[in-house]
Amino acid sequence: QPSNTLSTCVEESVIFTAVPSGGSGNFAYQWFDSNGDLVSATNILSPDTGTAGVFDYSLQLMDAVTQCAVGVALIRLTVNTNPTVTISSVPPTACYGGNAILTANVSGGSGSYSYQWLLNGSPITDATSSTYIVNDIIPGTNDGVYQVTVIDTITTCSTTSSPFTISVDQVV
C-alpha cells in the first residue's frame, strides 16, 4: 500500500524528488512503475500525466558506497480528467439590442463545477453560473469574445472554452 497518495490533473506537471540524509551521502536511486519497469535512475521522477488513471511508483534507495538498501518509498498518483466545455447560445443569432443566453455545456470530471465567464479575456463580475445572459446586445459594446472557465470542485481540474462570439442580426 502506497505511503504517499497525490492527485493531479491530466497534462499538469508533477515532480517527485527524493532527498535522503545519513549514510555515506552518496546514493543510488531507482524509480519503478507498477509494472516493475525502471522509469528513472536519478533522485527525480517526473511521471507522464497525459492519461487519466491511478499510477503506483516505488523508489528504491541504496547507499552507493556500502551497497546497502536504505529505503523504499511507495507513491500513488491519481491523474484526474479535465472537464471539457463548449458554449451554446439561445437564440443562435441575437437581434440588435436583444438578449442572448449563453450556456456552458460541460462533460467529464466529477459533475460538480464552478464557473467564471470572461468577456474579451477578462472575468465578468458576478458571472459564475452555468449560464450567462447578455442583455441589450449592441455591436461594438457587448458583443465581444466570450469564454467560460470551468473548475471541477472535487478534483480542482479546470478548462477554459474556446472563444465564442455572439452572432448579431444588424437589422435595426
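**With respect to the environment of T103**
Thought 1: Looking at the secondary structure, you find T103 in strand β10 (residues 100-107).
Thought 2: Looking at T103, the relative accessible area reads 22%, which means it is partly exposed.
Thought 3: Sequence-wise, T103 and N80 are 23 residues apart; in three dimensions their C-alpha atoms are separated by 24 Å.
Thought 4: With residues up to four places along the chain from it excluded, the contact list for T103 reads T86, I87, S88, W117, S130 and T131.

**So, the nonpolar core**
Thought 1: In terms of nonpolar packing, the biggest core is built from 19 residues, with L102, W117, I137, V148 and I166 touching the most fellow members.
Thought 2: Of all the elements in the fold, those that place two or more residues in this core are β8 (84-90), β10, β11 (113-119) and β14 (145-152).
Thought 3: With sequence-adjacent residues up to four places away left out, V148 is seen in contact with V85, I87, A104, Y115, Q116, W117, T159, T160 and S161.
Thought 4: By size, the runner-up hydrophobic cluster in this structure holds 14 residues, among which are F16, I75, L77 and V79.

**Some details on the packing of aromatic side chains**
Thought 1: One pass over the structure, following the stated rule, counts 5 aromatic pairs.
Thought 2: Summarising the aromatic geometry, the rings of Y132 and Y146 are spaced 6.1 Å apart at their centres and angled 40 degrees between planes, so their arrangement reads as tilted. Highlighted residues: Y132 in strand β13 (residues 131-134) and Y146 in strand β14, separated in sequence by 14 residues.
Thought 3: In this structure an aromatic cluster arises from ring pairing among F16, W31 and Y57.

Rules behind the numbers
- Residues numbered from 1 in each chain as written.
- Predicted model: local features only at pLDDT ≥ 70, side-chain atom pairs only at ≥ 80, totals over all residues.
- Heavy atoms only, no water.
- Helix = DSSP H or I, 4+ residues; strand = E, 2+ residues; numbered from the N terminus.
- Buried < 20%, exposed > 50% of the residue type's maximum accessible area, 1.4 Å probe, protein only.
- Contact = heavy atoms within 4.5 Å.
- Core = buried A, V, L, I, M, F, W, Y, C linked by side-chain atoms within 4.5 Å.
- Phe/Tyr/Trp six-rings, centres within 6.5 Å; stacked < 30°, edge-to-face > 60°.

Function-wise, these values are silent; they only describe arrangement.
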